[in-house]
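Okay, here's what each chain looks like letter by letter:
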Amino acid sequence: MGYKEGHGLGKDEEGITTPLLVKKTDGRSGVILAGELNTNKPKTSESCVLQMTNIVGPGEVDDLLQEEIEIECKKFGRVLKCIVYEEKRPGTPDNEAVKIFVKFSNHNEAKKGFDVMNGRFFGGRKVMANYFDESRFESNSFQ
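Computed from a prediction, not measured in an experiment: that's the story for all the values here.

J.: Just to check I follow, could you spell out the overall build of the protein chain for this structure?
T.: Secondary structure assignment for the protein chain yields three helices and eight strands. For the protein chain, the sequential pattern of α-helices and β-strands runs β-β-β-α-β-β-α-β-β-β-α. Long-range pairs, those at least 24 residues apart, make up 60% of the contacts in the protein chain between residues at least 6 apart in sequence. Carbon together with sulfur atoms contributes 51% to the accessible area of the protein chain, which is approximately 8900 Å² in total.

What follows is the structure in structure tokens.
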């Protein structure tokens, strides 16, 4: 988590998208101007897509990972699509370098997956799961 350019602050990225600004009113005082709110973002908590991180680290993706995740997630419902995305930008933390996206056929299935996978240990790593915006998933906007 934390600030990422173009994303709102907060768990569901619904917060401000621009930093707070100070406007000087005289030599010793000023007024804080609020940043813009991210009002266009759909509620991701209603999404059918889960994003999971910290399942493996950078460079640890193998040919079987996607299949293993699909098999595991089918326990929660019908998996429509599973994508393993490895972040290539320098400075990305190890626990966020590999993102796994799973699209379920409905939100209830995604919720079951979230409830089981979030906080679960996989290969000695604590999995972090979040709902992910469906339109970003469909447009392959994984950053």
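That shown, we press on.
J.: Is there a simple way to explain helix H2 (residues 107-117) in this structure?
T.: Since there are 3.6 residues in each turn of an α-helix, residues three or four apart along the chain are aligned in direction. Within H2, burial applies to His107, Glu109, Ala110, Gly113, Phe114 and Met117. One side of H2 holds all its buried residues, which, seen down the axis, span an arc of 160°. Of the residues flanking the start of H2, the one acting as N-cap is Asn106, its side-chain oxygen 3.0 Å from the backbone nitrogen of Asn108. Looking at the residues trailing H2, positive phi occurs at Gly119, about 90°.

J.: What is the right way to look at unusual backbone geometry in this model?
T.: The phi angle of most residues is negative, glycine excepted, and most peptide bonds adopt the trans form. The phi angle at Asn54 is positive, at roughly 70°, despite the residue not being glycine. By the secondary structure assignment, Asn54 is in the loop between strand E3 (49-53) and helix H1 (65-73). The exposure class assigned to Asn54 is buried, which follows from its relative accessible area of 11%. Within the chain, Asn140 stands out as a residue other than glycine whose phi angle is a positive 55°. Tracing the backbone through its elements, the reader meets Asn140 in the segment after helix H3 (134-138).

J.: Mind showing me how you'd approach H1 here?
T.: For H1, every residue scored as buried is listed here: Leu65, Ile69, Glu72 and Cys73. Looking straight down H1, one finds that the buried residues subtend no more than 90° of arc, so they occupy a single side. On the buried face of H1, the contacting elements are E3, strand E4 (79-86), strand E5 (98-104) and H2.

The rules behind each value
Residues numbered from 1 in each chain as written. Predicted model: local features only at pLDDT ≥ 70, side-chain atom pairs only at ≥ 80, totals over all residues. Heavy atoms only, no water. Helix = DSSP H or I, 4+ residues; strand = E, 2+ residues; numbered from the N terminus. Contact = heavy atoms within 4.5 Å. Areas by Shrake-Rupley, 256 points an atom, 1.4 Å probe, with all protein chains shown as cover. Buried < 20%, exposed > 50% of the residue type's maximum accessible area, 1.4 Å probe, protein only. Arc of directions from axis to C-beta. Polar contact = N/O pair within 3.5 Å; in protein donor to acceptor, adjacent residues only side chain to side chain.

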